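# Tertiary structure, described
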Amino acid sequence: MKILVAGDVEGRFEQLFTRVANIQKKSGQFDLLFCVGAFFSDSEDCKSQWQRVLDGELKAPLPAYIMGPTSKDHMSFYGTLNCDGGEVCDGITFLGQTGVFTATSGLQVAYLSGRYSEQDYTQSLVENKSLREHFDESDVDRLTTHTQKKNYVGVDIFLSTDWPRDVTMGTAPPEGVDVGAIGSRPLASLAAILKPRYHFVALQKVFYERTPYRNHRVLQEAPQHCTRFISLANVGNPDKKLRFLYAFNVVPLSGMDTAELTSQPQASTDCPYTSDYHEPQVSSNQSQNFFYGERSVAGGNKRKQHHQRGGDPKRHTAGGPNRGKPPVPKGPCWFCLGSPEVDKHLVVSVGEQVSCAFV
């Protein structure tokens, strides 16, 4: 399938539709357009352009799917729709608060609308289907349940309004973004277990394509597919380097053989989400594993309880609080499993504290 994904539209519908139409003239017809981040804004221009969309003067050049509101002021644009989603107008569909969209081709797209709010996260609104600008535990649980299906491998695409915590660990972060001040642990945990092939976000007004990361532990687990994390900039920004549209071809995961699906890009890294994102228990011993970028944390039970409340606890690594991220090799290294130079066939065993290899 040929897919287009757009960043924060913020009411610039005419500019988005014109750009998409021009792309299709050059590259042929695309199948679907997904919009992450803020589709609407508070501006008068947004209201004016939206009225033109409702009147049929402006039309999406292909089926468009949008996320939920990022502000209470945007809720009126969704009309009478609730968190279950539905058609906003001709050609534009609101996916819903959370769920998995399956295209006729078998393409699976998981989505989670809304920003993260520590205060609102534990206020489960599972019985309340009204629109909201923040996601809560019940939204995350719904997608978590999807991963518990028999023979679950992953999803093709994951769309989230907000960023996951620690996604830049083990690779270069985007310029101009304070990665320590953004992202949430619940979203990181969800991304870790969803195992999407592509994860798209917005909101930070930056284009950032992370180095693909593996969804398995090298030499400890069977190979799995890699995830490509991509942040898109806002539509209409003047900087050509800040891409707000991403075009790609994708074969649905269900139609790929194992060898093709698990083929590893040479530059792939370990999963940026540490072991405590995957596991409910955290070791009480302070340690760092520089092979996999995994960190154990003091006070495991306390951190687990904080995570269940949706909080973002302060990180305490070996050597004291806020020591920083594990170092990334700056040159050839024959001992770091994350290095492309490592001869992995010489590795005999990898444990929690040590590894054994022929040299």
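Calculation criteria
- Every chain is numbered on its own, with residues counted from 1 as its sequence reads.
- Given that the model is predicted, a residue must reach a pLDDT of at least 70 before its local features are reported, and side-chain atom pairs must reach 80 or more before they are shown or counted; all residues, however, enter totals for whole chains, interfaces and linings.
- With hydrogens and water set aside, each side-chain value is computed from the structure's full complement of heavy atoms.
- Here a helix means four or more residues in a row that DSSP labels H or I, a strand means two or more in a row labelled E, and each is numbered from the N terminus.
- Expected helix span is computed as 1.5 Å times (number of residues minus one).
- Under the scheme applied here, a residue whose accessible area is under 20% of the maximum for its type counts as buried, over 50% as exposed, and between as partly exposed, the area being computed with a 1.4 Å probe on protein chains only.
- This arc is taken over the directions from the axis of the helix to the C-beta atoms.
- Here a polar contact is taken to be a pair of N or O atoms separated by no more than 3.5 Å, where protein atoms must pair a possible hydrogen donor with a possible acceptor and residues adjacent in sequence count only if both atoms sit in side chains.
- Only strands that DSSP links by at least two bridges are regarded as paired with each other.
- Here, nonpolar core refers to any group of buried Ala, Val, Leu, Ile, Met, Phe, Trp, Tyr and Cys residues whose side-chain atoms link them within 4.5 Å.

### Side note on helix α1 (residues 13-27)
- Helix length check: α1, at 15 residues, gives a terminal C-alpha distance of 21 Å against a target of 21 Å (1.5 Å per residue), a fit within 8%.
- When α1 is considered as a whole, its buried residues turn out to be F13, L16, F17, V20, I23 and Q24. Looking down the long axis of α1, one finds its buried residues gathered within 125 degrees of arc, a one-sided arrangement. Exposed and facing more than 90 degrees away from the buried side of α1 are K25 and K26.

### Quick notes on the side chain of R132
- Within the element layout of this structure, R132 appears in the loop between α3 (118-121) and α4 (137-146).
- Of note is the side chain of R132, whose polar atom sits 3.5 Å from the backbone oxygen of H134.

### As for the pairing of strand β12 (residues 226-231)
- Counting buried positions over the six residues of β12 gives five, a clear majority of the element.
- Here strand β9 (residues 196-201) pairs with β12 via four bridges, running parallel. Across the sheet, residue Y198 finds its bridge partner in β12, namely R228.
- With two bridges joining them, strand β10 (residues 208-209) and β12 adopt antiparallel strand pairing. Looking at the pairing, E209 lines up with I230 of β12.
- Of the strand pairs in this sheet, strand β11 (residues 213-214) and β12 are connected by two bridges, and their pairing is antiparallel. Bridge pairing in β12 links Y213 to T227.

### Observations concerning the nonpolar core
- Counting 33 residues, the largest nonpolar core has L16, L33, W50 and I92 as its most contacted members.
- For this core, the elements supplying multiple residues, two or more each, are β1 (2-6), α1, β2 (32-35), α2 (44-54), β3 (64-66), β4 (86-89) and β5 (92-94).
- Residues L112, Y116, V155 and V179 belong to the second largest nonpolar core, which totals 27 residues.

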